Amino acid sequence: MARPKWDVYFMRMAYLAASRASCDRKHVGAIIVSPDHRSVATGYNGAAAGMPSCDEVGHQMADNHCVRTLHAESNAIDYAGRSAQGCTLYVTVTPCWDCAKRIVNAGIHRVVYDEHYESRYGKSQDVPDYLRQAGVEVLQMPPGMMKQFVEMLKVVDEQLKDDTCCLASRWPGSLHSIDCASNHAHARAGETEH
């Protein structure tokens with residue numbers, strides 16, 4: 001396996017964070033990374049802490065946008081606090097205007113994003129220039145560079161969704177692996193559906 005460049009490595013991590021998103025309109029992930037290439041914080045789009053998510057209660061729409069969720073960048077910045085200063089933010093899509101302002105205020109020096117995404121206000125194409133005017137270096141990943149990785153994640157997620165219970169069987173002796181084995185035995189006997 002080839003050793004990935006830092007931008008590719010951390011963008012992959014941002015896509016992994018996106019897999020935790022709880023708003024199915026768009027799964028977005030972000031990771032804040034220190035200048036010495038250490039993870040400071042991750043974030044994904046989802047409901048505020050302790051509040052029901054879109055996955056649980058549905059979307060709360062306003063002007064064709066879900067307002068129930070916090071954006072991935074915002075969640076990462078909230079978690080990082082002042083530790084975000086001088087860092088790089090990797091995010092799977094173009095930051096929105098609100099997140100761009102938070103990026104500037106957090107003192108993030110560099111933003112790397114993958115795909116363009118038109119968020120609210122209809123001016124997302126202007127966000128990179130806004131960030132640059134504030135002294136933030138902005139880089140978009142080359143088109144298609146992350147496509148194979150994202151497709152692979154989808155395949156793995158589908159396999160895990162279908163085989164979640166069986167993952168525990170890799171840790172013999174755990175209570176869940178015992179339950180899993182029992183469920184499989186019942187399923188083979190036709191007693192229950194697994």
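Residues numbered from 1 in each chain as written. Predicted model: local features only at pLDDT ≥ 70, side-chain atom pairs only at ≥ 80, totals over all residues. Heavy atoms only, no water.

Turning our attention to the overall build of the chain. From N to C terminus, the chain includes 7 helices and 9 strands. The buried share of the chain, taken over its 194 residues, is 38%. Across the chain, the fraction of contacts at a sequence separation of at least 24, relative to all contacts at a separation of at least 6, is 59%. Accessible surface computed for the chain: about 11600 Å², of which carbon and sulfur atoms make up 52%. (Helix = DSSP H or I, 4+ residues; strand = E, 2+ residues; numbered from the N terminus. Buried < 20%, exposed > 50% of the residue type's maximum accessible area, 1.4 Å probe, protein only. Contact = heavy atoms within 4.5 Å. Areas by Shrake-Rupley, 256 points an atom, 1.4 Å probe, with all protein chains shown as cover.)

The next thing to look at is the sheet that holds strand β2 (residues 39–44). Pairing in this open sheet of 5 strands is mixed, and the strands run β2-β1-β7-β8-β9 from one edge to the other. Every interior strand has two partners, whereas the edge strands, β2 and β9 (137–140), have only one. Adjacent strand axes in the sheet meet at a mean angle of 15 degrees when their direction is disregarded. (Pairing = 2+ DSSP bridges. Axes fitted to C-alpha atoms, helices over the stretch in contact; angles between N-to-C directions.)

With the exception of glycine, the majority of residues adopt a negative phi angle, and the majority of peptide bonds are in the trans configuration. We note that H37 has phi near 65 degrees; this positive angle belongs to a residue other than glycine. Note on placement: H37 falls in the loop between β1 (29–33) and β2.

This paragraph deals with the pairing of strand β8 (residues 110–115). Summarising burial for β8: 5 of the 6 residues are buried, a large majority. Traced from strand β7 (residues 88–93) through helix α4 (residues 97–106) to β8, the parallel crossover comes out right-handed. With 4 bridges joining them, β8 and β9 adopt parallel strand pairing. Its bridge partner lying in β9, Y113 is registered against Q140. (Right-handed = clockwise from strand over helix to strand, strands pointing away.)

The next thing to look at is helix α3 (residues 72–80). Where burial is concerned, most of α3 is hidden: 7 out of the 9 residues are buried. A72, E73, S74, N75, A76, I77 and A80 are the residues of α3 that are buried. On the buried face of α3, the contacting elements are β1, β2, β3 (46–47), β6 (69–70), β7 and α4. Count one or two residues on from α3 and you reach G81, which has phi positive near 60 degrees.

Quick look at the confidence of the model for the chain now. Residues with a pLDDT of 70 or more make up 84% of the chain, whose mean pLDDT is 86. Segment residues 174–179: pLDDT under 50, and 8 contacts once partners within four positions in sequence are set aside and those in other chains are kept. Low pLDDT, under 50, characterises residues 184–188; the stretch is placed with 6 contacts to residues that sit more than four places away or in other chains. (pLDDT = per-residue confidence, 0-100.)

Our next topic: the packing of aromatic side chains. Enumeration over the complete set of coordinates arrives at 5 aromatic pairs. Their ring planes at 80 degrees and their centres at 5.9 Å tell us that W6 and Y9 sit as a pair that is edge-to-face. Of this pair, W6 and Y9 are both found in helix α1 (residues 6–18), 3 residues apart, which corresponds to roughly one turn of the helix. Residue classification places Y9 among the partly exposed residues on the basis of a relative accessible area of 37%. Feature note: the residues W6, Y9, F10 and Y90 constitute an aromatic cluster, connected by ring pairs. (Phe/Tyr/Trp six-rings, centres within 6.5 Å; stacked < 30°, edge-to-face > 60°.)

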